[in-house]
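Fold and contact review
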Amino acid sequence: MIKKAVLPAAGLGTRFLPATKASPKEMLPIVDKPMIQYAVEEAESCGIREFVIITGKNKRSIEDHFDSSVALEENLKQAGKETLLDEINRHRHLAFAYIRQGRPLGLGHAIECAKPFVQNEPFVVSLSDDIIDPDDTLLADMIEIFNTYQSPVVALEEVPESEVHKYGIIKGIHVKSDLYKIESLIEKPAREESPSNLAVIGRYILTPDIFDILEEMPPGRAGEYQLTDALNGLLAKRDIYGLIYRGARYDAGDKFGFLQATINLALKRPDFSDQLKEYIVSTAEKLR
Ligand code: G1P
């Protein structure tokens, strides 16, 4: 059973400056929830109760967010705002640990930092920039594959050739329906050298033997320790599977993706979806 999730959140968020000058990118709200909360709730819906968040400078508000806030709770209680009170207390039953990455040495290094907390268990890695439609079951489906094959699983998406340079790309053998057995991976290849258009997106189920590889491997692309390289190394020891995701994913680390996530997730909100739909339609008419 998978009990732990590692959420890397140490990046500088330069694509969102000036908003991220003093606040973490992970705390930018999509509608009314910080980005990272979507990833936490997605994992929680799969039974995960322990979270290791890899942080860095200017990230304290993430810790405060998942902590209790006595003054606010008291205030809401007295004002009779029970719904909001439940909302801010909904993470009470989860455990959060924070590790500071210290130096920005890459995603592989960020995951390596989680070793003392993960220890000898399989675990989820979730990149909170990649927002998966909360009504979808990607992570649950990945966990099912992990349970069947007892092998690491990464989430994949078919991307246009013009975008392969933004992702880790796999070469794989088709197993059945949306499942691939991975033969090799390459981090952010040029279009000409890309082995496929199957891109790794920010959900992984890993086994603890990845730490041995991370500890020994040299830095890779851009001088950083790449998780993609560690997965390539792990392939020498065990099978790794990839599951194609066909639902909605928003790259909220990108400004346009962030706007798309905001609009689409707001459209799912019963409290104002009708009003927003009307607004979008009337704005589109004006733009014509
Ligand atoms: C990271 C990984 C990359 C993966 C991507 C998914 O890249 O290194 O292999 O495809 O996440 O979002 P980043 O987006 O951090 O540059």
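This section reports on the structure supplied with the text. (Residues numbered from 1 in each chain as written. Predicted model: local features only at pLDDT ≥ 70, side-chain atom pairs only at ≥ 80, totals over all residues. Heavy atoms only, no water.)

Concerning the site of the ligand
Rule in force here: Residue proximity to a molecule or strand is established when one non-hydrogen atom of the residue lies within 4 Å of it. By the criterion applied in these results, polar contacts are pairs of N or O atoms within 3.5 Å in which, for protein atoms, one can donate a hydrogen and the other can accept it, and in which residues neighboring in sequence qualify only through two side-chain atoms. We get accessible surface area from the Shrake-Rupley algorithm with a probe of 1.4 Å; when it comes to residues, only the shown protein chains can shield them. Polar here means any residue outside two lists: the nonpolar Ala, Val, Leu, Ile, Met, Phe, Trp, Tyr, Cys and Pro, and the charged Asp, Glu, Lys and Arg; Gly therefore counts as polar.
In the vicinity of the ligand there are 13 residues, among which Asp130, Gly168, Glu187, Lys188 and Val200 approach most closely. Contacts to the ligand include Val200, whose backbone N or O atom sits 2.6 Å from an oxygen atom. At 3.2 Å from an oxygen atom of the ligand is found a side-chain nitrogen or oxygen belonging to Thr228. For the ligand, the protein covers 74% of the area, taking 380 Å² as the surface of the free molecule. Of the residues in the shell around the ligand, the class split is 6 nonpolar, 4 polar and 3 charged.

Observations concerning the pairing of strand β11 (residues 198-206)
This is how the line gets drawn: Partly exposed residues are those whose accessible area sits between 20% and 50% of the maximum for their type, while under 20% is buried and over 50% is exposed, using a 1.4 Å probe and protein chains only. Runs of H or I in DSSP of at least four residues are treated as helices and runs of E of at least two as strands, each being numbered from the N terminus. In this description, strands pair whenever DSSP reports at least two bridges between them.
Where burial is concerned, most of β11 is hidden: 9 out of the 9 residues are buried. Here strand β8 (residues 153-158) runs beside β11; their pairing, made up of 6 bridges, is antiparallel. Within β11, the residue paired with Ala155 across the bridge is Ile201.

Some details on the pattern of salt bridges
Opposite charge on two side chains permits them to pair, given that their charged atoms come into close proximity. What counts here: Here a salt bridge means any side-chain nitrogen of Lys or Arg lying within 4 Å of a carboxyl oxygen belonging to Asp or Glu.
Tallying each qualifying case throughout the model produces 23 salt bridges. Of the charged contacts, one joins Lys4 and Glu121 as a salt bridge, the two residues approaching to 3.2 Å between their closest N and O atoms. Within this pair, whereas Lys4 is found in strand β1 (residues 4-8), its partner Glu121 is found in the loop between α6 (115-118) and β6 (123-126), the two being separated by 117 residues in sequence. A single burial state applies to Lys4 and to Glu121, both of which are buried. Two residues, Glu73 and Arg92, come together in a salt bridge whose shortest N-O distance is 2.9 Å. Remark: Arg92 occurs in the loop between α4 (82-88) and β5 (95-100) and Glu73 occurs in helix α3 (residues 70-78); sequence separation between them is 19 residues. Exposure remark for Glu73: the relative accessible area of 10% places this residue in the buried category.

Description of the nonpolar core
The line we're drawing: What makes a nonpolar core is a set of buried Ala, Val, Leu, Ile, Met, Phe, Trp, Tyr and Cys residues whose side-chain atoms join them at distances within 4.5 Å. Contact between two residues is taken to exist if any of their heavy atoms lie within 4.5 Å; hydrogens are not considered.
Of all hydrophobic cores here, the largest spans 36 residues; its most connected members are Leu7, Phe51, Ile53, Leu138, Met142 and Ile205. It is helix α7 (residues 138-149) that provides the largest number of residues to this core, a total of 6 residues. Non-local contacts of Ile53, meaning those with residues more than four positions away in its chain, are made with Leu7, Ala9, Ile36, Ile62, Phe66, Phe96, Ala97, Tyr98 and Ile99. Counting 34 residues, the second largest nonpolar core, distinct from the first, contains Val6, Tyr180, Leu235 and Ile244.

Observations regarding the packing of aromatic side chains
Quick note on the threshold: Pairing of aromatic rings covers Phe, Tyr and Trp, the last counted by its six-membered ring, and requires centre-to-centre distances within 6.5 Å; plane angles under 30 degrees mean stacked, over 60 mean edge-to-face, and any other angle means tilted. Throughout this description, the term charge over a ring refers to an Arg CZ or Lys NZ atom that lies within 6 Å of the ring centre and within 35 degrees of the ring normal.
If you walk through the whole model with that rule in mind, you get 6 aromatic pairs. Their ring planes at 20° and their centres at 4.5 Å tell us that Phe66 and Phe96 sit as a pair that is stacked. Residue Phe66 is found in the loop between α2 (60-65) and α3, and its partner Phe96 is found in strand β5; the two are separated by 30 residues along the sequence. Taken together through their ring pairs, the aromatic side chains of Phe51, Phe66, Phe96 and Tyr98 make up a single cluster. For Lys33, the ring lying beneath its charged end belongs to Tyr38, and the centroid distance is 5.1 Å.

Function cannot be inferred from these measures alone, as they are strictly geometric.
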